[in-house]
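Chain by chain, the residues run as shown.
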Amino acid sequence: MRRDQHLSSAGGMLPDCSSAVLRRPRPRQHFAGTMRVPYIAPWTGENAPPAAITTRHGRDGMGIGYADEYGIADRRRGALWIRVPVRPGAGAPLLDRVHALRQRQAMNHLLCRYCGRPTDDRPDGRHLFLLHAGTGRPVTDGERTTTPPVCDGCAVEAWGRPSARRECVAVWVEEVTAWGVAGDVYAPAPLRPVPGERGERFTLVAYGDPRLRWTLACREVVALHGCTAVDLEDLRERTVA
Ligand SMILES: [Zn+2]
């Protein structure tokens, strides 16, 4: 059914994405030597001590919050978001880490995780994702991920690195829908994060899950529908040709 639906980059995502993307200036591309610094990578100048978490009575009941919490900067769709400075280019890039708010922005607006440009300009409306191969199992419909999409150029560039070929699988995705967040789930008394399941760094919590009120969101999680494996060698040949 989903494969037959009209494809839209906004399907299930934030309603303001198209106008926001049109207004957004092209992000500045930073390099570490000859390597492109991913758009979602944090910088040492964006380090900050964690903000104090407290309990609060929200619309849906008790949960966590900030004492000086304000508007959509701190809370999206019921989830409290981690506070991190936004100063891309300040200091040195941390290439193996993820900046929580740029990751969320890339997911909500379907921006390339490497260059930060929109990936919703293909005639067929599909998006390209480079996902960690993990257990080696195929990507299935409804796959959940915290990894934003990639544009063709950056996918080909990434595919040129042996590590990407070893560790990633590439898929075309027909529809991307908001699923939830990944973050730290807090226990109320004493108020502190609960260790993740199976030793995972973050716990995945769906929108609508009662635990969302007790979750400090660190990543946006989307679900991928209409997934088709891609041979990036073909894409590379077409792009280079
Ligand atoms: Zn790109």
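Our subject is the structure listed above.
Definitions and cut-offs
- Residues numbered from 1 in each chain as written.
- Predicted model: local features only at pLDDT ≥ 70, side-chain atom pairs only at ≥ 80, totals over all residues.
- Heavy atoms only, no water.
- Donors = N, O, S within 2.8 Å, 3.2 Å for Na, K, Ca; no water.
- Tetrahedral: all angles 85-135°; square planar, octahedral: opposite > 155°, others 65-115°.
- Buried < 20%, exposed > 50% of the residue type's maximum accessible area, 1.4 Å probe, protein only.
- 1 Å grid on protein atoms, 1.4 Å probe; cavity = no way out; pocket = protein on both sides within 12 Å on 5 of 7 lines; lining within 4 Å.
- Points joined across faces, edges and corners; volume = space filled by probe spheres on them.
- Helix = DSSP H or I, 4+ residues; strand = E, 2+ residues; numbered from the N terminus.
- Nonpolar A, V, L, I, M, F, W, Y, C, P; charged D, E, K, R; others polar.

Explain the coordination of the zinc ion residue by residue, including any values.
Looking at the zinc ion, the protein donor atoms are Cys-112 (SG), Cys-115 (SG), Cys-151 (SG) and Cys-154 (SG), and they sit 2.3 Å from it. One way to put it: the four donor atoms around the zinc ion meet at angles of 100 to 114 degrees, and that makes the site tetrahedral. Counting the intervening residues between successive donors of the zinc ion yields the motif C-x2-C-x35-C-x2-C. Just as Cys-151 is buried, Cys-154 falls in that class too.

Please provide a residue-by-residue account of the layout of surface pockets, values included.
Volume-wise, the largest pocket comes out at about 1600 Å³. Forming the walls of the largest pocket are 42 residues, and the residues nearest its centre are Leu-131, His-132, Thr-145, Thr-146 and Thr-147. Those elements that place two or more of their residues in the lining of the largest pocket are strand E7 (127-132), strand E8 (143-145), helix H5 (162-167), strand E9 (168-187), strand E11 (203-206) and strand E12 (215-229). Each residue belonging to the lining of the largest pocket can be placed in one class, and the counts come to 19 nonpolar, nine polar and 14 charged. Approximately 490 Å³ is the volume attributed to the second largest pocket. Residue lining of the second largest pocket: 24 residues in total, with Ala-48, Ile-82, Arg-83, Val-84 and Arg-97 positioned closest to the centre.

Can you break down empty space enclosed by the protein residue by residue, with the values?
Scanning all chains against the criterion turns up two cavities of 30 Å³ or more. What the largest cavity holds in volume is close to 60 Å³. Counting only elements with at least two residues in the lining of the largest cavity, the list comes to strand E2 (35-36) and helix H4 (152-159). Here the element with the most residues in the lining of the largest cavity is H4; it accounts for three residues. Of the residues in the lining of the largest cavity, the class split is four nonpolar, no polar and three charged.

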